[in-house]
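Each chain, letter by letter, is given below.
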Amino acid sequence: MSRRGTFGVDENGRNVVWDHFAAMHSVIQGATRSGKSVLAYAVLAAAARDRAVRVVGVDPSGLLLAPHRRGDDDALIHLGTADPESACEVVEQLVRMMDKRIRLLLERGLDSVPMHVLRRAFPLFVIVFEELPAILSWLDGEDQGRKPGEKFAPRMRLAMGRLLRESAKAGMRVFTIIQRAEVANLPERAQYARRVSMRVDNRASVELLMELATPEDVDRIMGLRPGQGVIHEAGEPLRYFRADYLEYADYRAAVLAARAGDASREVVSDGAA
């Protein structure tokens, strides 16, 4: 099974697609006003339209994940920076769900979740870390003066590390968004098999994330116009593209419409049963 959402066109006029069901974690980097957020809108709107996908995660800004939230008590989405315990608990709960799925795989003699079993009741999780450096910086600040066993940032790093190393086989995909890649703010960098860079002003950040980039590629990436980017998936060459433009209001409307469609189908199904 492959569900692929188009998010732009490449230099040859071919559609560029994002397959959430491919067994790879993803990271996007881009400076302010590079088009990084617009690209994230397109990717996550496509995810919302698939009933077998659930978008979850941690979003300090509260904007990106708000449309995906299923009520104020959604235990798998954290918005804002008011409650560090809640942010950690979201990610730790996802780790517990991952562990449960892995136990089921062992019991059934499988090495990964078969794509055909994924559905609304047993979804593929797209786990978003919006502006990961901001999340870690916020938690580091909250940890000031706390005893080692009471600190939040180590909990977040530990749980996120486990998700990056172990969750792909359990039907989970980490989707991290950053302004620029640095060793300190992108733990477990090797686990990201899909990497996207929009314009970034820091040469070292381009070289760190886009390891196949030649010096000419690095120059080009640093000079990209808003909405232009380059994607690298494991085993493939670099591919330059122009992302489709999607306003936040349209993104929000698309996600809410997809969720409303899900609810309508459930009502019809329940009535038919």
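Rules of the game
- Residues numbered from 1 in each chain as written.
- Predicted model: local features only at pLDDT ≥ 70, side-chain atom pairs only at ≥ 80, totals over all residues.
- Heavy atoms only, no water.
- Helix = DSSP H or I, 4+ residues; strand = E, 2+ residues; numbered from the N terminus.
- Rg over C-alpha atoms; globule rule 2.2 N^0.38 Å.
- Buried < 20%, exposed > 50% of the residue type's maximum accessible area, 1.4 Å probe, protein only.
- Contact = heavy atoms within 4.5 Å.
- Lys, Arg positive; Asp, Glu negative; His and termini not counted.
- Charge placed at Lys NZ, Arg CZ, Asp CG, Glu CD.
- Pairing = 2+ DSSP bridges.
- pLDDT = per-residue confidence, 0-100.
- Polar contact = N/O pair within 3.5 Å; in protein donor to acceptor, adjacent residues only side chain to side chain.
- 1 Å grid on protein atoms, 1.4 Å probe; cavity = no way out; pocket = protein on both sides within 12 Å on 5 of 7 lines; lining within 4 Å.
- Points joined across faces, edges and corners; volume = space filled by probe spheres on them.
- Expected span 1.5 Å × (residues − 1).
- Nonpolar A, V, L, I, M, F, W, Y, C, P; charged D, E, K, R; others polar.

(A) Up close: the overall build of the protein. Summing up its helical and strand segments, the protein has seven helices and 10 strands in all. Taking 273 residues into account, the globule formula puts the C-alpha radius of gyration at 19 Å, and the protein, at 19 Å, falls close to it. Taking the principal axes of its C-alpha atoms as reference, the protein extends roughly 60 × 50 × 40 Å. Across the 273 residues in the protein, those meeting the buried criterion constitute 49%. Residue pairs in contact within the protein that sit at least 24 positions apart in sequence constitute 66% of those at least 6 positions apart. Within the protein, the 38 negative side-chain charges are centred at a point lying 3 Å from the centre of the 39 positive side-chain charges.

(B) The pairing of strand S4 (residues 53-59), seen in detail. With seven of seven residues buried, S4 lies mostly within the body of the structure. Alternating residues of S4 divide into Val53, Val55, Gly57 and Asp59 and Arg54, Val56 and Val58, and every residue in both groups is buried. Note: S4 against strand S6 (residues 124-130), six bridges, orientation parallel. When the sheet's bridge partners are listed, Val55 is paired in S6 with Val126. Here three bridges tie S4 to strand S5 (residues 77-79), and the two strands are oriented parallel to one another. Its bridge partner lying in S5, Asp59 is registered against Leu79.

(C) The confidence of the model for the protein, seen in detail. For the protein, mean pLDDT is 93; residues scoring 70 or higher make up 94% of the total. Contacts of residues 266-273 to residues separated by more than four positions or lying in other chains number two contacts, the stretch itself having pLDDT below 50.

(D) A look at the side chain of Ser197. With respect to the element layout, Ser197 can be found in strand S8 (residues 192-197). A polar contact of 3.1 Å, which involves the side chain of Ser197, links it to the side chain of Gln29. Not counting residues within four places of it along the chain, the set of residues in contact with Ser197 comprises Gln29, Met210, Ile221, Leu224, Gly229 and Val230.

(E) Representation of the pairing of S6 within the structure. In terms of burial, S6 is largely enclosed, as seven of its seven residues are buried. Of the two faces of S6, the one holding Leu124, Val126, Val128 and Glu130 and the one holding Phe125, Ile127 and Phe129 are both buried throughout. The pairing of S6 with strand S7 (residues 172-178) spans six bridges and is parallel. In the sheet register, Val126 faces S7, and the bridge partner there is Arg173.

(F) A look at the layout of surface pockets. Of the volumes computed, that of the largest pocket is approximately 240 Å³. Val17, Ile231, Glu233, Glu236 and Arg239 are the residues nearest the centre of the largest pocket, which is lined by 14 residues in total. Contributing elements (two or more residues each) for the lining of the largest pocket: strand S2 (15-19) and strand S9 (228-233).

(G) Representation of helix H2 (residues 84-108). Under the 1.5 Å per step criterion, the end-to-end length of H2 is 37 Å for 25 residues, consistent within 8% with the ideal 36 Å. Here H2 has its buried residues at Pro84, Ala87, Cys88, Val90, Val91, Glu92, Leu94, Val95, Met98, Arg101, Ile102 and Leu105. Residues of H2 that are buried in the fold lie against S4, S5, S6, helix H3 (132-142), helix H4 (153-166) and S7. Two to three positions downstream of the cap, the backbone nitrogen of Glu85 sits 3.2 Å from a side-chain oxygen, assigning the N-cap of H2 to Asp83. Within two residues after H2, Gly109 carries a phi angle of roughly 70°, on the positive side.

(H) Up close: empty space enclosed by the protein. Considering all chains together, one arrives at one cavity of 30 Å³ or more under this definition. Considering the residues around the largest cavity, the lining is formed by Trp18, Asp19, His20, Ala22, Met24, Ser26, Val126, Arg173, Val174, Phe175 and Arg194. Taken together, the elements giving at least two residues each to the lining of the largest cavity come down to S2 and S7. Residue contributions to the lining of the largest cavity peak at three residues, all from S7. By residue class, the composition of the lining of the largest cavity is six nonpolar, two polar and three charged.

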